[in-house]
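Architecture and fold: a report
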Amino acid sequence: MEIDSIACINFIEKEKINGAIDVRACNKPAGKLLFRGVRSSKFRHVYGSAAKRENSYHNVPITRNAHDSNFCAVNPKFVAVVTEVAGGGAFIVLPINKTGKVDINASRVTGHRGPVLDVKWNPFNDNIIASCSDDCTVKLWYIPDIGLSCNLNDWLMDLHGHKRRVGYIEWHPTAENIIASAGFDYMIILWDVGAGEALTVIDCHVDIIYSMSFNRDGSRLATTSKDKKLRIIDPRTGLVISEGTCHDGSRSSKVVYLSDGRVLTTGFSQHSDRQIAVWRETDLKTPVKRETVDSSSGILFPFFDFDTHVLFLAGKGDGNIRYYEIVDENPCIHFLNQYLSDSPQRGLGYMPKRGCDVAQCEIFRFYKLHTTRNICEPISMVVPRKSDQFQDDLYPDTVAPVPALSAREWFTGINKQPVLMSMKTGVPIRTHKPKAFKPNEASKGNINYRMKLAFLSQETIPDYRPLNVAPDNEKTQKTTSNTKFQQIQQLFGNINSQDVNGEETVISKIVTKDELEESPKTEYQLRRAYNRQCEEVKLLRKQLANRDRRIQDLEKLVSSLQSQVSTLRIRT
């Protein structure tokens, strides 16, 4: 035996010298080998479950607009879908449990004069929805709990400020009554809809804005635009904190805020490949992770769930929905699976987490608008679990429909995380109708807003005069043109003047405060006065048409009575 072992050792040494045996394979590894199999995750087996036909919404005339928006918004009470109409713009609002075939004459929201481009529900009031349109306005609507019984054209708030169509709107995640609107005039305006005034006008963009997203507490705003730039902006001041090129492709790109100060963008490469990239908000020069998805042409819309850290990607015109898990360690994106369907999608709305079905382990729910059929189909993303008990690991405390602070508190510099609620117990949902907007009330408190709009609409004229030189008639011009003091005197007393004969007479006319406010002086007031006059003209035209119709009816009645009288005379 000892001779055989020696012969075996000599044979192995000869084979090592000849190179027949790999010496590295015979050595024991110094460290632990990395396992390159399937990554362990509790969301590994998430699957998409489409609703049955009777639980979908049929016969919905979905809009055919080519704008890159989702055209759908959902909350635990209602589902809103932008519809196709002839002239103007409209969207339909259906109670969430009113599934099946929708009546072709169902009531709609029909207050816009141009196509509706985006709709978003108020996160703190399930009866308030905001819409933006091609008519350069943002409007707020109140939807009763029972739904619409007739066409709604009476809005709660009408926000004017953009010079071109408004493409996107986004509610603030923590502050009440704050909404951001992005227009094709390269501006983003933050509105306080409770007061009907603009808080901030962000004009740092030089091209069309493609998307925007608030972070968790609303202290930062991420935007992408046609100039291929990703910007992180302070929404209170409008200052750009960081800026960088996100994707090299010329097509539309989208952005969504992740957790821990990271943002994710979707876009296209120079070779038209669809990409996703993760960035640190403090450094936008190089991405943390960039990954190529495929070579399709549809725009990718990202949807991120803060509770489970699952990212969903849905392409416009695609039939599938991909989902990834976002982690802190590199690589931070891990592909999980995808939901496959043979029907392409025009847009997707999603249900807030508080509206998901806990008993079915549902972590996300989409409302898919079909491209070829007039169907809105719910799709549930479910984690398979055998137990029917409440799953604490799937449902941590989520965002509650309660604001963390008011609009004024946020604008003064206060930041707060969202108010959380338990998915196991829940909280009651507040629904209240806010105070109706009046033009006079807005004109009293939005002096800064009018000054901003006046500054934006006026052409800048340089003045090359020396600082210590002023024209001779400057003082006289100020004295003669300043009628504010005279108006104040007219409010509180009489003004003495002299007549032609030199005798002192008293002018007893007193100008009231309402008369001063009625005369428009700024562009904003002129625009509102013009809109009011247009509404009055429209109402007068309707009254005139009704009067003409009434006259025709009376004339027919008179002619019929005359014919009856003539026949009676002939008989007698």
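Structure shown above.
Quick look at the structure, then. (Residues numbered from 1 in each chain as written. Predicted model: local features only at pLDDT ≥ 70, side-chain atom pairs only at ≥ 80, totals over all residues. Heavy atoms only, no water.)

Together, Leu554, Leu557 and Leu561 make up an exposed nonpolar region whose accessible area comes to about 260 Å². For Leu557, the location among the structural elements is in helix 9 (residues 523–571). With a relative accessible area of 46%, Leu557 lands in the partly exposed category. (Patch = residues over 30% accessible without salt bridge, like charges linked within 9 Å, V, L, I, M, F, W, Y side chains within 5 Å. Areas by Shrake-Rupley, 256 points an atom, 1.4 Å probe, with all protein chains shown as cover. Salt bridge = Lys/Arg side-chain N within 4 Å of Asp/Glu carboxyl O. Helix = DSSP H or I, 4+ residues; strand = E, 2+ residues; numbered from the N terminus. Buried < 20%, exposed > 50% of the residue type's maximum accessible area, 1.4 Å probe, protein only.)

The antiparallel open sheet is built from 4 strands, whose spatial order is 12-13-14-15. Each end of this open sheet is capped by a strand with a single partner; those strands are strand 12 (166–171) and strand 15 (197–202). Across the sheet, the mean angle separating the axes of adjacent strands is 25° when strand polarity is ignored. Of the strand pairs in this sheet, strand 14 (residues 188–192) and strand 15 are connected by 5 bridges, and their pairing is antiparallel. Note on strand 15: the bridge partner recorded for Ile188 is Ile202. (Pairing = 2+ DSSP bridges. Axes fitted to C-alpha atoms, helices over the stretch in contact; angles between N-to-C directions.)

Turning our attention to the sheet that holds strand 21 (residues 262–268). What the 4 strands build is an open sheet, ordered 20-21-22-23; its pairing is antiparallel. On the outer flanks of this sheet lie strand 20 (254–257) and strand 23 (289–294), each paired with one strand and no other. Neighbour-to-neighbour, the strand axes of the sheet open up by a mean angle of 20°, direction not taken into account.

A few words on unusual backbone geometry. Trans peptide bonds make up the majority, and among non-glycine residues the majority have a negative phi. Of note, the amide linkage connecting Asn330 to Pro331 takes the cis form, showing an omega dihedral of -10°. Tracing the backbone shows Pro331 in the loop between strand 26 (321–326) and strand 27 (333–339). Despite not being glycine, Asp260 has its phi angle at roughly 60°, a positive value. You can see Asp260 is positioned in the loop between strand 20 and strand 21. Phi at Ser272 takes a positive value of approximately 65°, unusual for a residue other than glycine. Looking at where Ser272 falls in the secondary structure, it is placed in the loop between strand 21 and strand 22 (274–280). The class of Ser272 is partly exposed, set by a relative accessible area of 43%.

Turning next to the packing of aromatic side chains. Tallied over the entire structure, the rule returns 13 aromatic pairs. Between Phe364 and Phe366, the aromatic rings sit 5.0 Å apart at their centres with planes inclined by 55°, giving tilted as the arrangement. In this pair, the class of Phe364 matches that of Phe366, namely buried. Aromatic ring contacts, followed pair by pair, group Phe303, Phe312, Tyr323, Tyr350, Phe364 and Phe366 into a single cluster. The ring of Phe268 has Arg251 sitting right over it, with the charged end atom 5.0 Å from the ring centre. (Phe/Tyr/Trp six-rings, centres within 6.5 Å; stacked < 30°, edge-to-face > 60°. Lys NZ or Arg CZ within 6 Å of the ring centre and 35° of its normal.)

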